[in-house]
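# Descriptive analysis of the structure
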Amino acid sequence: MDGDRVEIDGGIMEGGGQILRVSTALSCLLGLPLRVRRIRAGRSQPGLRPQHLSGLEMIRDLCEGMLEGGEIGSTEITFTPGKIKGGTHIADTKTAGSVCLLMQVAMPCVLFAASPAELHLKGGTNAEMAPQIDYTVMVFKPIVEKFNFTFNCDIKRRGYYPQGGGEVVVQMSPVKELSPITLTERGTVTKIYGRAFVAGALPIKLAKDMAAAAVRCIRKEIRDLYISIQPVREPDDQAVGTGSGIIVVAETSTGCLLAGSSLGKRGKNPDKVGIEAAEVLLKNLKHGGTVDDSLQDQLIIFMALAKGVSRVKSGPITLHTQTAIHFAEQLTKAKFTVTKSEEEDPSKDTYIIECQGMGMMNPNL
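It should be emphasised that the depicted structure is a prediction, and the values quoted were computed from it without experimental measurement.

Next up on the list: the overall build of the protein chain. Of regular secondary structure, the protein chain possesses nine helices and 17 strands. Its C-alpha radius of gyration of 20 Å places the protein chain within 12% of the 21 Å reference for a compact globule of 365 residues. Projected onto its principal axes, the C-alpha positions of the protein chain cover 60 × 50 × 40 Å. Residue pairs at least 24 apart in sequence account for 75% of intrachain contacts in the protein chain once pairs closer than 6 positions are excluded. Carbon and sulfur atoms provide 52% of the accessible area of the protein chain, an area that totals close to 15,000 Å².

Moving on: the domain arrangement of the protein chain. By a widely used convention, the size of an interface equals the accessible area lost when the partners come together. The assigned domain composition of the protein chain is domain 1 (6-183 + 291-358) and domain 2 (189-287). For domain 1 versus domain 2, the distance between C-alpha centres works out to 25 Å. Listed by partner, the interface residues are 29 residues for domain 1 and 28 residues for domain 2. The largest share of the area that domain 1 buries against domain 2 comes from Gln132, Met138 and Tyr160, three residues that together contribute 28% of it. In this structure, the connection of domain 1 to domain 2 is made through four salt bridges. Arginine 195 serves as the salt-bridge partner of aspartate 134, at 3.0 Å between the closest nitrogen and oxygen. One can count ten residue pairs in polar contact (both at pLDDT 80 or more) joining domain 1 with domain 2.

Our focus in this paragraph is the UniProt feature "binding site: ATP" (unreviewed entry) in the protein chain. Residues given the UniProt feature "binding site: ATP" (unreviewed entry) here are Gln104. Turning to its location among the elements, glutamine 104 is positioned in helix 3 (residues 99-111). Sequence-distant contacts of glutamine 104, defined by excluding residues within four places in its chain, comprise Arg21, Pro131 and Gln298.

On to the environment of leucine 319, then. Here leucine 319 is to be found in helix 9 (residues 319-331). Beyond its immediate stretch of four places on either side in the chain, leucine 319 contacts Met13 and Glu14.

Right, let's talk about helix 2 (residues 50-62) for a bit. In an α-helix, one turn spans 3.6 residues; hence positions three or four apart end up facing the same way. An ideal rise of 1.5 Å per residue puts 18 Å on 13 residues; helix 2 measures up with 18 Å between its terminal C-alpha atoms. The set of residues buried in helix 2 consists of Gln51, His52, Leu53, Ser54, Gly55, Leu56, Met58, Ile59 and Leu62. Contact partners of the buried residues in helix 2: helix 1 (17-30), strand 3 (66-68), strand 4 (77-80), strand 5 (87-92), helix 3 and strand 6 (117-123). Two residues or fewer after helix 2 comes glutamate 64, characterised by a positive phi angle close to 45°.

Turning our eyes to something else, we now look at empty space enclosed by the protein. Enumeration over the complete set of coordinates arrives at two cavities of 30 Å³ or more. Here the largest cavity defines a volume of roughly 140 Å³. With five residues, helix 3 is the largest single contributor of residues to the lining of the largest cavity. Grouping the constituent residues of the lining of the largest cavity by class yields ten nonpolar, three polar and two charged. As a volume, the second largest cavity reaches approximately 100 Å³.

With respect to the element layout, asparagine 362 can be found in the segment after strand 17 (351-356). Between the alpha carbons of asparagine 362 and alanine 114 there is a distance of 8.1 Å; along the sequence they are 248 residues apart. Those residues in contact with asparagine 362 that lie beyond four places of it in its chain are Leu111, Phe112, Ala113, Pro174, Val175 and Lys176. Only 3.0 Å separates the side chain of asparagine 362 from the backbone oxygen of alanine 113, close enough to count as a polar contact.

On to unusual backbone geometry, then. For the bond from tyrosine 161 to proline 162, the omega torsion is 5°, close enough to zero to count as cis. Its location among the elements puts proline 162 in the loop between strand 7 (151-159) and strand 8 (166-172). At asparagine 148, a position not held by glycine, the phi torsion is positive, near 80°.

Before going further, it helps to examine the pairing of strand 8. For strand 8, a buried count of six out of seven residues is recorded, marking the element as mostly surrounded by other parts of the structure. As paired elements, strand 7 and strand 8 share six bridges and run antiparallel to each other. Paired with cysteine 153 across the strands is valine 170, a residue of strand 8.

Our next topic: the sheet that holds strand 15 (residues 309-314). Spatially, 9-15-17-16 is the arrangement adopted by the four strands of the open sheet, whose pairing is mixed. Every interior strand has two partners, whereas the edge strands, strand 9 (182-183) and strand 16 (335-340), have only one. Pairing between strand 16 and strand 17: six bridges, direction antiparallel. Considered in strand 17, the bridge of lysine 340 is made with tyrosine 351. Sheet strands in contact with helix 9 are strand 16 and strand 17, and its direction is about 150° off that of strand 16.

What counts, and where the lines are drawn
- Residues numbered from 1 in each chain as written.
- Predicted model: local features only at pLDDT ≥ 70, side-chain atom pairs only at ≥ 80, totals over all residues.
- Heavy atoms only, no water.
- Helix = DSSP H or I, 4+ residues; strand = E, 2+ residues; numbered from the N terminus.
- Rg over C-alpha atoms; globule rule 2.2 N^0.38 Å.
- Contact = heavy atoms within 4.5 Å.
- Areas by Shrake-Rupley, 256 points an atom, 1.4 Å probe, with all protein chains shown as cover.
- Domains from an automatic or database assignment.
- Buried area = accessible area lost by both parts, 1.4 Å probe.
- Salt bridge = Lys/Arg side-chain N within 4 Å of Asp/Glu carboxyl O.
- Polar contact = N/O pair within 3.5 Å; in protein donor to acceptor, adjacent residues only side chain to side chain.
- UniProt positions renumbered as here; feature names shortened; annotations may be inferred.
- Expected span 1.5 Å × (residues − 1).
- Buried < 20%, exposed > 50% of the residue type's maximum accessible area, 1.4 Å probe, protein only.
- 1 Å grid on protein atoms, 1.4 Å probe; cavity = no way out; pocket = protein on both sides within 12 Å on 5 of 7 lines; lining within 4 Å.
- Points joined across faces, edges and corners; volume = space filled by probe spheres on them.
- Nonpolar A, V, L, I, M, F, W, Y, C, P; charged D, E, K, R; others polar.
- Pairing = 2+ DSSP bridges.
- Axes fitted to C-alpha atoms, helices over the stretch in contact; angles between N-to-C directions.

As C-alpha cells, this is what we get:
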C-alpha cells in the first residue's frame, strides 16, 4: 500500500464505469494517486471494457501519468497523474463503446489543462446505456456551459452497435475557474422539438413513424404546444453501419432543457421507439425539476469543482447521482446536501442538490 494513494472501491453503489470516470478525472485534476479495486464488480462482464480502457489511456496521456493494470477485464488499476497538458488526443474504443462517456471523463480535466485541447473520440455515437451524441449536443452542452466555459463538438461520423466506427471531435480551451450554477426555476414548457434518425439500410419511413408516434404520445398530455420532430436520414458518408433512434427535447421559459430518447433495434416496432422517448420526456416533465434524469449525475463533478454554491432542482435522485456525489466528496473538499424541495404542489417529487464547490483553480493560467 502506497501511503498517499487514495483507495476507491469500484464495486459499491452504482458499481459501474461511472465510478472509474469520476475518480480518475478528479485524481488527474487534484494530482492524487489512485487505486481502484473491484472495477465494475456488479456487472455481467466485470472489469475494464474497451471504452473504459480507452478513456483511462486518454486521461493518462492528457496528464503524462502512469497507469498500471490497464488491460481488458482488469478489475484493479493504479493511476498516478502528472501535469495536465492540452494538445490533440485520440481515444478509440474500437467497439460501439460510447464516445459520450469518453467525453465525460476527459472534459473536466481539459478545462484545467495548460493549453487548448482537441479530443478525437471514436466508437458509438448512439449507444445503449449512455447518452446519445444528440443529447450531448442538444441538452448537456447548453446547460453545462452555464459553468462558464464553452466547447465545440463536431460529429464527423456516426457509429452504431455493434461495430461503432463513429468519430466526434471536441475542442475546448482551459479556464481559470468554474462559476457555480443555479438551476431552480423550471418555468413553463415553451416548445418541444427533436430528431428521429435512420442510418444505413433503413428507410426514412421508419424515422417518420418514430416521430409521429412520439408526437401522438406527447399530445395526449400536452395539447396546445407546437411540437417539431424532424425525421432525418443520416448521409451515408457520415454514418457507419445501420442504426435508428429518436431524441425529443422540451425547452422551458427559464431556459431549462429536458429530454427523452430511445434507440431502435432489429425487430423493435418504430412506434414503440417513439413512444418510449416521449414517455421518458413526459416523466421528466412531471417531476418538476429543472434537469432530467440523464443530466442530473453529469453535473455533479462540475458543481464539485466550481467556486461557490451551486443549486440544482431535480426529480428523484438517481443511483448514478448518489454515486457521483459520494466519490466527489471522497476526493475533493466539496460538500453536497440533498433536500426534499418545499413544493407548493405535494404531488411533485423534487429535490434540491446543493454543493459548496471546492473552487478548483487552474495553476497554468
